[in-house]
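# Examination of the molecular architecture
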Amino acid sequence: MIDNTIISLSEKSIQNNISFLRSKLGDQVKISAVVKANAYGHGIEQIVPVFQKYGIEHYSVFYYSEAIRVYNSLPKPASIMVMGWLNEKDIKDAIEKNIEFFVFNIERLESAVKFATELGLKAKIHLEIETGMNRSGLNGPELNAAIAIIKENIEHLELTGFCTHLAGAESVSNHFRIQNQLQKYQEMATELEANDLKPKYKHVANSAASIVYPETRMDMVRVGIMLYGFWSSTEVFVQYINSQDDMVDPLKRILGWQSQVMAVKEIKRGEFIGYGISYLAQSNIKTALVPVGYSFGYSRSLSNKGRVIIRGHQCSVIGVVNMNMIIIDVTHLKTVEVGDKVVLIGKQGKSEIKVSAFSEISDELNYEILAHLSESITRKIIK
Ligand SMILES: *Cc1c(COP(=O)(O)O)cnc(C)c1O
């Protein structure tokens, strides 16, 4: 762990976002907190106990290794669902640990039956169906084959979910495609129910769908980005805010990122700064060195463009982002000292650096910037 650079996580913001989603979605809809990609960079081990404290009882991940991290971080047992990859031996372990998983092909269904039978337990499966995203999921004939297998092995399977993923609910340009997906989903759900199979949760919605298409909420929503205080897209935010009387963003960002000044230097006019010739001092300037670089997820595309806050003032990154360092122009500050706080993401005084400002400069999605935040940065919950 690197001790002078920390990611702070606001417990108040977590509480705020969960209670907003609860009030928006109502009590009948289960919230599955999506904590893949290290809880969108926030840190699984830190985030999961706080989510649970504020009532989240269902967690979604992509990899089985993430499911195990959630499992080990939960103060009390809760449901965990693997939406993506787990290998053969993990399937057995998952069944023993009561971990739920997506079934999107017949091979996985057969493995679930095999291991559950061996263990004398029930595998908790979510049938994922193909409705038009063309990524993963059972098509019509495969669903029929799956139904036959499930009926035959019902004592070793629990049909926990029946689900699909929508191809871009955050953009109105996908409206038509999504309507088609929902129709296909309903047809396949009817097929399932005609066979007397009733899933515990029907679920199709991510954050954007849960706001833009209320009919997609069904029994459960898989919410990621909004729990962390971000809207899936500007379109979703605008649609939400236009339906409200006040124009206040109900979501609060959880994450802040800070470091410290490591060294201060005076540079003479005409000198190049850092690697190569990407920055030439046009006058005598003062620089501050900050021990954060692209190895921590501070993108190289922020070279000569990024901004940070020192002593309440916005300052520019000059030269290229190094593996472990950035150089900041602090000429306009009266005083700067080694050890001064440097805000990379978050607020200080009246200044703020948002993840969205980051993403505008670097052309990365919020999701991408968050997911790149290195796991080696220390995370701390702030009460
Ligand atoms: C990541 C993911 C989600 C959550 O998406 P958000 O936009 O972050 O709410 C939901 N469902 C699936 C299948 C996912 O992969």
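Residues numbered from 1 in each chain as written. Predicted model: local features only at pLDDT ≥ 70, side-chain atom pairs only at ≥ 80, totals over all residues. Heavy atoms only, no water.

### Topic: the overall build of the protein chain
A tally of regular secondary structure across the protein chain gives twelve helices and 18 strands. Taking all 383 residues of the protein chain together, the buried fraction comes to 53%. Excluding contacts between residues fewer than 6 apart, the proportion of contacts in the protein chain whose partners are at least 24 apart in sequence is 66%. One finds the centroid of the 42 positive side-chain charges in the protein chain at a distance of 8 Å from the centroid of its 42 negative side-chain charges. (Helix = DSSP H or I, 4+ residues; strand = E, 2+ residues; numbered from the N terminus. Buried < 20%, exposed > 50% of the residue type's maximum accessible area, 1.4 Å probe, protein only. Contact = heavy atoms within 4.5 Å. Lys, Arg positive; Asp, Glu negative; His and termini not counted. Charge placed at Lys NZ, Arg CZ, Asp CG, Glu CD.)

### Quick look at the packing of aromatic side chains
Each aromatic ring pair is specified by the distance between its two centres and by the angle formed by the two planes. Across all of its chains, the model carries eleven aromatic pairs by this definition. A ring pair is formed by Tyr40 and Tyr367, whose centres lie 6.0 Å apart and whose planes are at 45°; its orientation type is tilted. Linking Tyr40 in helix α2 (residues 36–40) with Tyr367 in helix α12 (residues 366–372), this pair joins segments that are 327 residues apart in sequence. Here Tyr40 falls in the buried class, since its relative accessible area comes to 7%. Here the aromatic residues Phe20, Trp231, Phe237 and Tyr240 are joined through ring pairs into a cluster of three or more. (Phe/Tyr/Trp six-rings, centres within 6.5 Å; stacked < 30°, edge-to-face > 60°.)

### Focus on the UniProt feature "modified residue: N6-(pyridoxal phosphate)lysine" (unreviewed entry) in the protein chain
When the UniProt feature table is mapped onto this chain numbering, "modified residue: N6-(pyridoxal phosphate)lysine" (unreviewed entry) sits at Lys36. Structurally, Lys36 can be placed in helix α2. A relative accessible area of 31% places Lys36 in the partly exposed class. What Lys36 contacts, discounting residues up to four positions off in sequence, is Ser60, Val61, Phe62, Glu66 and Met83. (UniProt positions renumbered as here; feature names shortened; annotations may be inferred.)

### Examining the site of the ligand
If you check the shell around the ligand, you find Val34, Lys36, Tyr40, Met83, His165, Asn206, Ser207, Arg222, Val223, Gly224, Ile225 and Tyr367 and nothing else. Note that an oxygen atom of the ligand is positioned 2.8 Å from one of the backbone N or O atoms of Ile225. In this structure, Tyr367 approaches the ligand through a side-chain N or O atom, which is 2.7 Å from an oxygen atom. Against a free-state accessible area of 390 Å², the protein chains account for coverage of 92% of the ligand. Tallied by class, residues from the shell around the ligand come to six nonpolar, four polar and two charged. (Near = heavy atom within 4 Å. Polar contact = N/O pair within 3.5 Å; in protein donor to acceptor, adjacent residues only side chain to side chain. Areas by Shrake-Rupley, 256 points an atom, 1.4 Å probe, with all protein chains shown as cover. Nonpolar A, V, L, I, M, F, W, Y, C, P; charged D, E, K, R; others polar.)

### Let's talk about the packing of helix α5 (residues 88–97) against helix α6 (residues 106–119)
The N-to-C vectors of α5 and α6 enclose an angle of 50°; their axes lie 9 Å apart at closest approach. Between α5 and α6, the crossing angle belongs to the class labelled oblique. Like other packed secondary-structure pairs, α5 and α6 cross with a definite hand, here right-handed. Side by side, α5 and α6 meet where Glu88, Ile91, Lys92, Ile95 and Glu96 of the first sit next to Arg108, Ser111, Ala112, Lys114, Phe115, Ala116, Glu118 and Leu119 of the second. Classifying every residue of the contact of α5 with α6 gives six nonpolar, one polar and six charged. (Axes fitted to C-alpha atoms, helices over the stretch in contact; angles between N-to-C directions. Parallel < 35°, antiparallel > 145°, perpendicular 65-115°, else oblique. Left-handed = near helix turned anticlockwise from the far one by under 90°.)

### Notes on the sheet that holds strand β8 (residues 201–203)
Strand order in the open sheet formed by eight strands is β8-β7-β6-β5-β4-β3-β2-β9, and the pairing between neighbours is parallel. Since the sheet does not close on itself, it has two edges, and those belong to β8 and β9 (220–223), each with one partner. For this sheet, the mean inter-axis angle between neighbouring strands, taken without regard to orientation, is 30°. Sheet topology note: the strand β7 (residues 157–163)/β8 ladder contains three bridges and is parallel. Counterpart to Phe162 in the pairing with β8 is Lys202. (Pairing = 2+ DSSP bridges.)

### Observations concerning the nonpolar core
Counting 121 residues, the largest nonpolar core has Phe51, Phe101, Ile125, Leu127, Tyr298 and Ile310 as its most contacted members. Shared between two domains, this core holds at least three residues of each, these being domain 1 (10–241) and domain 2 (255–353). Discounting residues that sit within four places of it in the chain, Ile310 has contacts with Val261, Ala288, Cys315, Ile328, Val330, Leu333, Val336, Asp340, Lys341, Val342 and Gln348. (Core = buried A, V, L, I, M, F, W, Y, C linked by side-chain atoms within 4.5 Å. Domains from an automatic or database assignment.)

### Thoughts on unusual backbone geometry
In this structure, Ala37 is a non-glycine residue whose phi angle is positive, near 50°. Within the secondary structure, Ala37 is located in helix α2. A residue is classified by how much of its surface remains accessible, and Ala37, at 34% relative accessible area, is partly exposed. The phi dihedral of Asn98 falls on the positive side, at around 70°, and the residue is not glycine. Here Asn98 lies in the loop between α5 and β5 (100–103). Residue classification places Asn98 among the partly exposed positions, given a relative accessible area of 44%.

### Things to note about the pairing of β7
Successive residues of a regular strand alternate their side chains across the two faces of the sheet. In terms of burial, β7 is a largely internal element, six of the seven residues being buried. Pairing geometry for strand β6 (residues 123–128) and β7, over six bridges, is parallel. Directly across from Ile125, in β7, lies its bridge partner Leu159. As for the winding sense of the linkage, the β-α-β connection from β6 through helix α7 (residues 140–152) to β7 is right-handed. Once the chain exits β7 it traverses helix α8 (residues 175–194) before rejoining the sheet at β8, and the crossover so formed is right-handed. (Right-handed = clockwise from strand over helix to strand, strands pointing away.)

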